[in-house]
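Residue-level listing of the chains:
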Amino acid sequence: MKEFFRKQCANIISTARIIAAISLFFFTKVSYPFVIVYVFCGLSDFVDGKLARKLNISSTLGAALDTIGDVLTYLAFVKILIVQNLVPGWAFVWYIIAMLGNILAGIIAKKRFGEFYLIHSLFGKVLGAVLFILPLLLRMTESIPNNNIICLTVICVVATISAIETIYIQLKSKEQLTDITSLKQLFNL
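I will try to describe carefully the structure that is included in this document. (Residues numbered from 1 in each chain as written. Predicted model: local features only at pLDDT ≥ 70, side-chain atom pairs only at ≥ 80, totals over all residues. Heavy atoms only, no water.)

**Describing the pattern of salt bridges**
Thought 1: Under the criterion given, the structure shown has five salt bridges.
Thought 2: Across the pair Arg-17 and Asp-45 runs a salt bridge, and its minimum N-O distance is 3.4 Å. One end of the pair, Arg-17, is in helix 1 (residues 2–24); the other, Asp-45, is in helix 2 (residues 32–54), with 28 residues separating them in the sequence.
Thought 3: Classification of Arg-17 as buried rests on a relative accessible area of 1%.
Thought 4: Across the salt bridge formed by Arg-17 and Asp-48, the nearest N and O atoms sit 2.8 Å from each other. One end of the pair, Arg-17, is in helix 1; the other, Asp-48, is in helix 2, and 31 residues separate them in sequence.
Thought 5: Within the structure, one salt-bridge network assembled from shared partners comprises Arg-17, Asp-45, Asp-48, Asp-66 and Asp-70. (Salt bridge = Lys/Arg side-chain N within 4 Å of Asp/Glu carboxyl O. Helix = DSSP H or I, 4+ residues; strand = E, 2+ residues; numbered from the N terminus. Buried < 20%, exposed > 50% of the residue type's maximum accessible area, 1.4 Å probe, protein only.)

As structure tokens, this is what we get:
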């Protein structure tokens, strides 16, 4: 039992994040309870990957659970932004196009390496961090006019860079890469 828990602890944390992310869909605004659950999702996202690498228990299932948790967390947040009318149409379209770039990178991976997969890239991690702090920024800067426009523009720019980066990785890499952790690693492809 102890060995099972050791091997599955990162997946258990990822599963808890998925459950927490699903609960975010029941919120209608960026309230303090929402922020608490959202922060749990972000912290557990950070912990599960670090733990998997430290214990050398990374797995395809873990990567899939991580991606599902990420997508659900951010979709729940986007749902609140839309419900509260905080996302102008241009930002929504821009972000969707950038995310389609990541899907294109997965399609390139399928064609080149025989498997559709998404990369945990350097700028993807930066995007995750920026998205993670967005609800906190919106909550702290709600008295500033157009605070959401400034925040969303930054997110869209980072999402675009992330999409370009993942496409570049899939086009240039000589082998299947799922985790790019540095600019040096990126430019040595």
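Moving on from the model shown.
**Some points on helix 4 (residues 89–113)**
Thought 1: For helix 4, spanning 25 residues, the distance from its first C-alpha to its last is 36 Å, which sits close to the expected 36 Å at 1.5 Å a residue.
Thought 2: Of the positions making up helix 4, those classed as buried are Ala-91, Tyr-95, Ala-98, Gly-101, Asn-102, Ala-105, Gly-106, Ile-108 and Ala-109.
Thought 3: Where helix 4 is buried, its residues contact helix 5 (122–140) and helix 6 (147–172).
Thought 4: Phi turns positive, to about 80°, at Gly-114, one or two residues after helix 4. (Expected span 1.5 Å × (residues − 1). Contact = heavy atoms within 4.5 Å.)

**Quick notes on empty space enclosed by the protein**
Thought 1: A full pass over the atoms with the stated rule returns two cavities of 30 Å³ or more.
Thought 2: What lines the largest cavity is a set of 13 residues, and nearest its centre among them are Val-78, Leu-81, Tyr-95, Leu-152 and Ile-155.
Thought 3: For the lining of the largest cavity, the secondary-structure elements that each account for two or more residues are helix 3 (60–83), helix 4, helix 5 and helix 6.
Thought 4: By residue number, the principal contributor to the lining of the largest cavity is helix 3, which donates four residues.
Thought 5: Quantified by volume, the second largest cavity comes out at close to 50 Å³.
Thought 6: Lining of the second largest cavity is provided by Arg-17, Tyr-38, Cys-41, Gly-42, Asp-45, Asp-70, Thr-73, Tyr-74 and Phe-132.
Thought 7: Those elements that place two or more of their residues in the lining of the second largest cavity are helix 2 and helix 3. (1 Å grid on protein atoms, 1.4 Å probe; cavity = no way out; pocket = protein on both sides within 12 Å on 5 of 7 lines; lining within 4 Å. Points joined across faces, edges and corners; volume = space filled by probe spheres on them.)

**Regarding the nonpolar core**
Taken as a class, soluble globular proteins show a tendency for nonpolar side chains to be buried jointly.
Thought 1: One finds Leu-24, Phe-34, Tyr-38, Phe-77 and Leu-134 to be the most contacted residues of the largest nonpolar core, which totals 34 residues.
Thought 2: Elements supplying a minimum of two residues to this core: helix 1, helix 2, helix 3, helix 4, helix 5 and helix 6.
Thought 3: Sort the elements by how many residues they give to this core and helix 3 lands first, with seven residues.
Thought 4: Discounting chain neighbours no more than four positions away, the residues touching Leu-24 are Phe-34, Val-37, Tyr-38, Cys-41, Thr-73, Ala-76 and Ile-80.
Thought 5: By size, the runner-up hydrophobic cluster in this structure holds six residues, among which are Ala-109, Tyr-117, Ile-119 and Ile-169. (Core = buried A, V, L, I, M, F, W, Y, C linked by side-chain atoms within 4.5 Å.)

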